[in-house]
Amino acid sequence: MSLEYTALEQLCNTAKQAAIAAGNHIAGVDRSTLVVEHKASGSSLASQVVTEVDRHCDQLINRYLLERGNHANLALLSEESAEHHNQQTKNRFNQPYYWCIDPLDGTLPFTQGKAGYAVSIALVSQTGTPVIGVVYDPVNNTLYSAIKNGGAFKNGKPIQVAKPDTDSGGTLTVYADNSFKTAAHYSTTQNSLTKIAAELGTNGYTEIYGNGAVKNACAVLSNPLACYFKFPKATTGGGSVWDFSATACIIQEAGGWVSGFYGEPLNLNPKGSTFMNQQGVIFTSGKDIAEAIMGLRENNFSV
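Numbers given to residues run from 1 along each chain, matching the order in which its sequence is written. Reporting of local features is limited, given that this is a predicted model, to residues whose pLDDT is at least 70; pairs of side-chain atoms are given and counted only at 80 or more, and all residues count toward the totals for whole chains, interfaces and linings. Note that the side-chain values use all heavy atoms of the structure and ignore hydrogens as well as water.

We now examine the overall build of the protein. Helices and strands together make up the secondary structure of the protein, namely 9 helices and 15 strands. Any two residues having at least one pair of non-hydrogen atoms within 4.5 Å are treated as being in contact. Excluding contacts between residues fewer than 6 apart, the proportion of contacts in the protein whose partners are at least 24 apart in sequence is 67%. As displayed, the protein has an accessible area near 12800 Å², and 47% of this comes from carbon and sulfur atoms. The secondary structure listing takes helices from DSSP runs of H or I that are at least 4 residues long and strands from runs of E that are at least 2 residues long, numbered from the N terminus. Method for areas: the Shrake-Rupley scheme with a 1.4 Å probe, in which residue coverage is limited to the protein chains shown.

Next comes the structure, spelled out in structure tokens:
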């Protein structure tokens, strides 16, 4: 069963309402009073921290999606509450679509008083393709949304990723997680990125930290010489499906590049684990940058 476009529009509107409601709650929190807890999830600190704000937003979003979108009989997977099973939601491998939710992506920067957090809601097909993407950034009051084959929007206005113009110079910007600079192959990667920047005709490259995965990916929308990537690896981690599903839909609909590390389409409904370490991810503003990033692992080191 595939949903008609009008049904997807209705579901997208519900997701936008849910994201804004969660974002408004987040914006009203006094972060100086937060109690930071830890959960068993992944190997990085960013994947392990959790607060009551995460859980409250999770419950709030679930109510919106289940009460206002229950006619579609959708499955649901959220970072904080995992699989839900009731008469409205089924196992995500048995349903044509499932909601994929990160109620507060970037909990670590949120607890640190930084601005790198957002609310992320996606609708993903059973085959692992995102068909709806909604991201709300409560810091900047910015709402991104997209429906597959319907274009991408920022605060209701159509957006397109700016295409790279390497003839005019500029700097290659790498948006990265903190785990990037602690990896054993970090110095090798730096050398390779310096060469890539030169080959692309840019004025070197820079690294930007402090965001969660969602805002790292969204940065590609406004920077024509930007990339966010995570290497594939054998160990568990590398982000989970809820870190990438909404932004994958938005950036693809805006004309950007989204793929696994070897250029294959992202499978956002993998069996066995929600982690993406086997695939890796690449989000960029252009094909040339993506192809250069794909060469990093093969040409320079083994992960």
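The rest of the description comes next.
Here we take up helix H8 (residues 241–253). With 13 residues, H8 extends 18 Å between its outermost C-alpha atoms, agreeing within 8% with the 18 Å of an ideal straight helix rising 1.5 Å per residue. The principal kink in H8, of about 25°, is found at Thr-247. Each residue's exposure class comes from its accessible area (1.4 Å probe, protein chains only) as a fraction of the maximum for that residue type: buried when under 20%, exposed when over 50%, partly exposed otherwise. Across the 13 residues that make up H8, a large majority, 12, are buried. Of all the positions in H8, only Val-241, Trp-242, Asp-243, Phe-244, Ser-245, Ala-246, Thr-247, Ala-248, Cys-249, Ile-250, Ile-251 and Glu-253 are classed as buried. Looking one or two residues past H8, Gly-255 carries a phi angle of roughly 95°, positive in sign. A helix is expected to reach a length of 1.5 Å times the quantity of its residues less one. To get the bend at a given residue, fit one axis to the seven residues ending there, fit another to the seven starting there, and take the angle between those axes.

Below, the discussion takes up the layout of surface pockets. Both site types are read off a 1 Å grid over the protein atoms alone. A 1.4 Å probe that fits but cannot get out defines a cavity, while an open set with protein on both sides within 12 Å along at least five of seven lines defines a pocket; lining residues have an atom within 4 Å of a point. Grid points are joined across faces, edges and corners, and a volume is the space filled by probe spheres set on the points. Roughly 170 Å³ of internal volume is contained in the second largest pocket. Around the second largest pocket, the lining residues are Ala-118, Val-135, Asp-137, Asn-140, Thr-142, Tyr-144, Lys-154, Lys-215, Cys-218, Ala-219 and Ser-222. Looking at the lining of the second largest pocket, the elements that each hand over two or more residues are strand E7 (130–137), strand E8 (142–147) and helix H7 (213–222). Broken down by element, the lining of the second largest pocket gets its largest block of residues, 4 residues, from H7.

This next bit is on the sheet that holds strand E15 (residues 281–284). A pair of strands is labelled paired if DSSP reports no fewer than 2 bridges between them. The sheet built from 5 strands is open, its strands ordered E12-E11-E13-E15-E14 with mixed pairing. Only two strands of the sheet have a single neighbouring strand rather than two, namely strand E12 (205–208) and strand E14 (257–259). In this sheet, neighbouring strand axes are inclined to one another by 15° on average, regardless of whether the strands run parallel or antiparallel. Here strand E13 (residues 226–230) pairs with E15 via 4 bridges, running antiparallel. If you follow Lys-230 over to E15, its bridge partner there is Val-281. Helix axes use the C-alpha atoms of the stretch in contact, all axes being lines fitted to C-alpha atoms, and the angles between their N-to-C directions lie in the range 0 to 180 degrees. H7 contacts strand E11 (172–175), E13 and E15 of the sheet and is inclined by roughly 145° relative to E13. Relative to E15, H8 is tilted by about 40°, and along the sheet it contacts E13, E14 and E15.

Turning our attention to the packing of H7 against H8. Orientation of H7 relative to H8, taken along the N-to-C sense of each, is 10°, at an axis distance of 9 Å. Classed by the angle they form, the pair H7 and H8 counts as roughly parallel. On the side of H7, the interface is formed by Ala-213, Val-214, Ala-217, Cys-218, Val-220 and Leu-221, while H8 contributes Asp-243, Phe-244, Thr-247, Ile-250 and Ile-251. Throughout, the ten residues Ala, Val, Leu, Ile, Met, Phe, Trp, Tyr, Cys and Pro are labelled nonpolar, Asp, Glu, Lys and Arg are labelled charged, and all others, Gly among them, are labelled polar. Taken together, the residues of the contact of H7 with H8 break down into 9 nonpolar, 1 polar and 1 charged. Working definition: roughly parallel below 35 degrees, roughly antiparallel above 145 degrees, roughly perpendicular at 65 to 115 degrees, and oblique for all remaining angles.

Most of E7 sits inside the fold, with 8 of its 8 residues counted as buried. Alignment of strand E6 (residues 118–125) against E7, held across 6 bridges, turns out to be antiparallel. Directly across from Ile-121, in E7, lies its bridge partner Val-134. In sequence, E6 turns back onto E7 through a hairpin of 4 residues, with Gly-128 there showing a positive phi of about 95°. Here 6 bridges tie E7 to E8, and the two strands are oriented antiparallel to one another. Bridge assignment links Tyr-136 to a residue of E8, and that residue is Leu-143. The antiparallel pairing of E7 with E8 creates a hairpin that spans 4 residues between the two strands, and Asn-141 there sits at a positive phi of about 55°.

The next point concerns the nonpolar core. Within the largest apolar cluster, 38 residues are counted, with the highest numbers of intra-cluster contacts made by Val-135, Leu-221, Val-241, Phe-244, Leu-268 and Phe-283. When residues of this core are assigned to their parent elements, the largest contribution, 8 residues, is made by H8. Those residues in contact with Val-241 that lie beyond four places of it in its chain are Leu-77, Tyr-98, Cys-100, Leu-268, Pro-270, Thr-274 and Met-276. In this structure, Ala-18, Val-53, Leu-74 and Leu-104 belong to the second largest nonpolar core, which totals 34 residues. In plain words, nonpolar cores are sets of buried Ala, Val, Leu, Ile, Met, Phe, Trp, Tyr and Cys residues tied together by side-chain atoms within 4.5 Å.

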